[in-house]
Amino acid sequence: MGPLSPTRTMRLWGPRSLGVALGVFMTIGFALQLWGGPFQRRLPGLQLRHSWASTLAPAVPSCLPRQRLVFLKTHKSGSSSVLSLLHRYGDRHGLRFALPARYQFGYPKLFQASRVKGYRPQGGGTQSPFHILCHHMRFNLKEVRSVEGVDRTGERWAHACSQDHQGRRPQAWRFPRHPLTQELGMGATKVLQVMPSDSFFFSIVRDPAALARSAFSYYKSTSSAFRKSPSLAAFLDNPRAFYQPGARGDHYARNLLWFDFGLPFPPEMRTKKGNPHPPRDPNPPQLPSGVGLRAHTLDPNALFHPVPTAADGHSQTSSSASLDLRSSSFIQWNLAWLDSVFDLVLVAEYFDESLVLLADALCWGLDDVVGFMHNAQAGGGQGGSAVGDGGLTAEDRQLSARARAWNNLDWALYVHFNRSLWARIKQYGQSRLDSAVAELRARREALAKHCLVGGEALDPKYITDRRFRPFQFGSGKVLGYVLQSGLSLQDQEECERLATPELQYKDKLDAKQFPPTVSVPLKTSRLPSP
């Protein structure tokens, strides 16, 4: 019997039978597309690999994701959580990290390009460019940025510091070239460094009061000042009884953010014989009761002049009131330089809002900035909520005020970048931001429920898998994550990325970029048996 002709097929099946068969095939095809089949299976909690079309659409629809990044990882400011985002993004996209030989770039010494693993200066052979520099360092621009052609950092800085925060030209201030740009120079060419000149520079800051609490717990055994003090309250009550500039680990005890940014300290704060400490402020500052640190409540001028408080109705000396005009000029001079270098500075107390702005600036999608908190201490926290002293006791408010006064340079730096963050939020749009933040938090919650046992961070005693057990340091327990069982292979991979602590992830990236070589003997006495 030969093959059936189309006419004969029609006779055997009939129009109705063919119609039924066609309908069955179309139904099956539609079901496969709907369910995704075994090759596309993802649970709802891990889907959504899309951009925020409605909330995070960039101003220019055709923008390309930024992938040349420099992140200054400051201490105890929620920076480990940002680092996790960068690890995952670079890992997923096959980007090349500028990695330290161990886990830090020689900190607390200033960053040096020679400490980057695999870095070869000009004439040392060809090398692939680095995409991301993000591990702990003390910032040192001239060793970070690769200047191709004309670098305009000096010009940007000169323009920034030529105006005050209201756009006026300060009459009493004269700004010589900043020492950190002096070697770079305006219009310098072919300065050999690590990162391309078009890299996106960003960092994160935290309220010095919250940072001091976290640092005292974490660096109790590292800082000689903290180690000698029975409590943070005792330390802040009389810090000069414990603190010595230049003593081992004592950079953790005062103006840690300023130190991490690699900024020079004013003469009265430098180590010198006779009088190594600035005069003590006899009136520790207090913030208005119940007022959060939003842009409209923080005037940078308040760092240098008395401000009225709602608590007692009279003028109260602010955090840096003990600084004279020359010191105030010194601070503004350095802040202007930072503005010329950093494209964005996140604020830990508005962590999710900061992530939305980061995604917008980098032209990234939702999954690129959604992640879990890392290196958080039990009973602590690393931001995520607005700062305000209203919910604290009078004793705690006094402690916060003293912490901000003692860390007056950090307070100035924090106020400055808090203000710049809210200026960007105003430009971005408050309602648009609120929608994006709500979407980000819902996404994070869905991922936590899908990936994690208990849907949250756990005490390290419950973490038996060493791949996910965070490094324990300081007096507080550092929390970590335990993955759910029964995840698909694809979901398992993504959940592992989300839960892996920074040290283990760094080791993973290191092994990926620098795979161990297997030595092969030049001669063998005999071939191995099959």
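Please read these numbers as outputs of a predicted model, since none were measured by experiment.

K.L.:
Would you take a moment to explain the overall build of the protein chain for this structure?
P.N.:
Each helix and strand in the protein chain was counted, giving 18 helices and 6 strands. Counting only residues that meet the buried cut, the protein chain has 48% of its 530 residues in that class. Of the contacts formed within the protein chain by residues at least 6 apart in sequence, a portion of 79% connects residues at least 24 apart. About 26,600 Å² of surface is accessible on the protein chain, with carbon and sulfur atoms providing 55% of the total.

K.L.:
Got a minute to help me understand the packing of aromatic side chains in this structure?
P.N.:
Aromatic ring pairs are described here by two measures, namely the spacing of the ring centres and the angle between the planes. Under the defined criterion, the tally for this structure stands at 26 aromatic pairs. Between the aromatic rings of F105 and F111, the centroid separation amounts to 5.2 Å while the plane-to-plane angle is 80°, which identifies the pairing as edge-to-face. According to the relative accessible area criterion, F111 is buried, its value standing at 0%. Taking 6.0 Å as the distance between ring centres and 20° as the angle between the ring planes, the aromatic pair formed by F471 and F473 counts as stacked. An aromatic cluster of at least three residues, connected via ring pairs, comprises Y107, Y218, Y219, Y252, F259, F471 and F473. Here R254 stacks its cationic end above the ring of W406, 3.9 Å away from the centre of that ring. The ring of Y428 is capped by R432, whose NZ or CZ atom sits 3.8 Å from the centre of that ring.

K.L.:
How should the nonpolar core be read in this particular structure?
P.N.:
Taken as a class, soluble globular proteins show a tendency for nonpolar side chains to be buried jointly. Of all hydrophobic cores here, the largest spans 117 residues; its most connected members are F139, F202 and F235. Broken down by element, this core gets its largest block of residues, 11 residues, from helix α15 (residues 408-428).

K.L.:
Before we go on, may I ask you to explain the sheet that holds strand β1 (residues 69-72) in this structure?
P.N.:
By definition, the strands of a sheet pair up through backbone hydrogen bonds, in either a parallel or an antiparallel sense. Taken together, the 4 strands give an open sheet; going across it, the order is β2-β1-β3-β6, and neighbouring strands pair in parallel fashion. Two strands lie at the open edges of the sheet, namely β2 (132-133) and β6 (344-347), each paired on one side alone. The strands touched by helix α12 (residues 351-362) are β1, β3 (200-205) and β6; relative to β6, the strand with the most contacts, the crossing angle is about 155°. Here α15 sits on the sheet in contact with β3 and β6, set at roughly 100° to β6.

K.L.:
Before we go on, may I ask you to explain the side chain of H131 in this structure?
P.N.:
Position of H131 among the secondary structure elements: in the loop between α3 (79-93) and β2. Note on H131: relative accessible area 18%, which makes it buried. If we ignore the near neighbours within four places in the chain, the residues touching H131 are Q67, R68, L69, L95, R96 and M195.

K.L.:
Hey, could you run me through the environment of H251 in this one?
P.N.:
Looking at the element boundaries, H251 is found in the loop between α9 (232-237) and α10 (256-260). Note on H251: relative accessible area 14%, which makes it buried. When residues no more than four places from it in sequence are discounted, the contact partners of H251 are Y107, P108, L256 and F259.

K.L.:
How should I be thinking about the packing of α15 against helix α16 (residues 430-451) in this particular structure?
P.N.:
Helix-helix packing: each pair is described by the crossing angle between the helix axes and the interaxial distance. One way to put it is that α15 packs onto α16 with a least axis distance of 6 Å and a crossing angle of 100°. It follows that α15 is roughly perpendicular to α16 by the angle criterion. Residues W422, I425 and Y428 of α15 lie in contact with α16, whose contacting residues are Q430, R432, L433 and A436. Partitioned by chemical class, the residues of the contact of α15 with α16 number 5 nonpolar, 1 polar and 1 charged.

K.L.:
Where do I start with the confidence of the model for the protein chain in this structure?
P.N.:
Where the model shows low pLDDT, its predicted coordinates should not be examined in detail. Looking at the protein chain as a whole, the pLDDT averages 76, with 63% of positions reaching at least 70. Per-residue pLDDT stays below 50 along residues 165-176; that stretch engages in 23 contacts with residues further than four places along the chain or on separate chains.

K.L.:
What should I look at first to understand helix α17 (residues 489-499) in this one?
P.N.:
Since one α-helical turn is 3.6 residues long, residues separated by three or four positions face the same way. What α17 keeps buried is the set D491, E494, C495, R497, L498 and A499. Summarising the contacts, the buried residues of α17 are in contact with α3, α16 and α18 (502-513).

K.L.:
What exactly am I supposed to notice about the environment of R115 here?
P.N.:
By secondary structure assignment, the location of R115 is in the loop between α3 and β2. Along the primary structure R115 and P100 are separated by 15 residues, whereas in three dimensions their C-alpha atoms are 6.1 Å apart.

K.L.:
When you look at unusual backbone geometry in this model, what are you seeing that I'm missing?
P.N.:
In most cases, non-glycine residues show a negative phi, while peptide bonds are predominantly trans. Look at the link from Y107 to P108: it is a cis peptide, with omega at 10°. When you line up the elements, P108 lands in the loop between α3 and β2. Positive phi is not limited to glycine here, since K76 has a value of about 55°. Here K76 is to be found in the loop between β1 and α3. Under the relative-accessibility criterion, K76 is labelled buried at 6%. At C363, a position not held by glycine, the phi torsion is positive, near 60°.

K.L.:
Please clarify how the pairing of β3 should be interpreted in this entry.
P.N.:
Regular strands have side chains that alternate between both faces of the sheet. Counted residue by residue, β3 has 6 buried out of 6 residues, so it is predominantly covered. By the alternation rule, side chains of β3 split into F200, F202 and I204 and F201, S203 and V205, which are all buried. Bridge count between β1 and β3: 4 bridges; the pairing is parallel. Residue L72 lies in a different strand from β3, and its bridge partner there is S203. Across 4 bridges, the pairing between β3 and β6 is parallel. Along β6, the bridge assignment pairs V205 with V347.

K.L.:
Can you walk me through the pairing of β1 in this structure?
P.N.:
Covered by surrounding structure in β1 are L69 and F71 together with V70 and L72, the residues of both alternating faces. In the sheet, β1 pairs with β2 via 2 bridges, with the strands oriented parallel. Among the inter-strand pairings, V70 is bridged to a residue of β2, identified as L133.

K.L.:
What should I look at first to understand the state of the cysteines in this one?
P.N.:
Disulfide: a covalent bond formed between the sulfur atoms of two cysteine residues. Within the structure shown, the criterion is met by 2 disulfides. What pairs with C63 in a disulfide is C363, and their sulfur atoms sit 2.0 Å apart. An S-S torsion of about 70° defines the bridge between C63 and C363 as right-handed. Separated by 300 residues along the polypeptide, C63 in the loop between α2 (37-40) and β1 and C363 in the loop between α12 and α13 (366-369) bring together distant segments of the chain. For C63, a relative accessible area of 25% corresponds to the partly exposed category. At a sulfur-sulfur separation of 2.0 Å, the disulfide partner of C451 is C495. In this structure the cystine formed by C451 and C495 twists about its S-S bond by roughly -70°; its chirality is therefore left-handed. Taken together, the positions of C451 in helix α16 and C495 in helix α17 put the pair 44 residues apart, joining distant regions of the chain. Neither C451 nor C495 differs from the other in exposure class; each is buried.

The rules behind these values
Residues numbered from 1 in each chain as written. Predicted model: local features only at pLDDT ≥ 70, side-chain atom pairs only at ≥ 80, totals over all residues. Heavy atoms only, no water. Helix = DSSP H or I, 4+ residues; strand = E, 2+ residues; numbered from the N terminus. Buried < 20%, exposed > 50% of the residue type's maximum accessible area, 1.4 Å probe, protein only. Contact = heavy atoms within 4.5 Å. Areas by Shrake-Rupley, 256 points an atom, 1.4 Å probe, with all protein chains shown as cover. Phe/Tyr/Trp six-rings, centres within 6.5 Å; stacked < 30°, edge-to-face > 60°. Lys NZ or Arg CZ within 6 Å of the ring centre and 35° of its normal. Core = buried A, V, L, I, M, F, W, Y, C linked by side-chain atoms within 4.5 Å. Pairing = 2+ DSSP bridges. Axes fitted to C-alpha atoms, helices over the stretch in contact; angles between N-to-C directions. Parallel < 35°, antiparallel > 145°, perpendicular 65-115°, else oblique. Nonpolar A, V, L, I, M, F, W, Y, C, P; charged D, E, K, R; others polar. pLDDT = per-residue confidence, 0-100. Disulfide = S-S within 2.5 Å.

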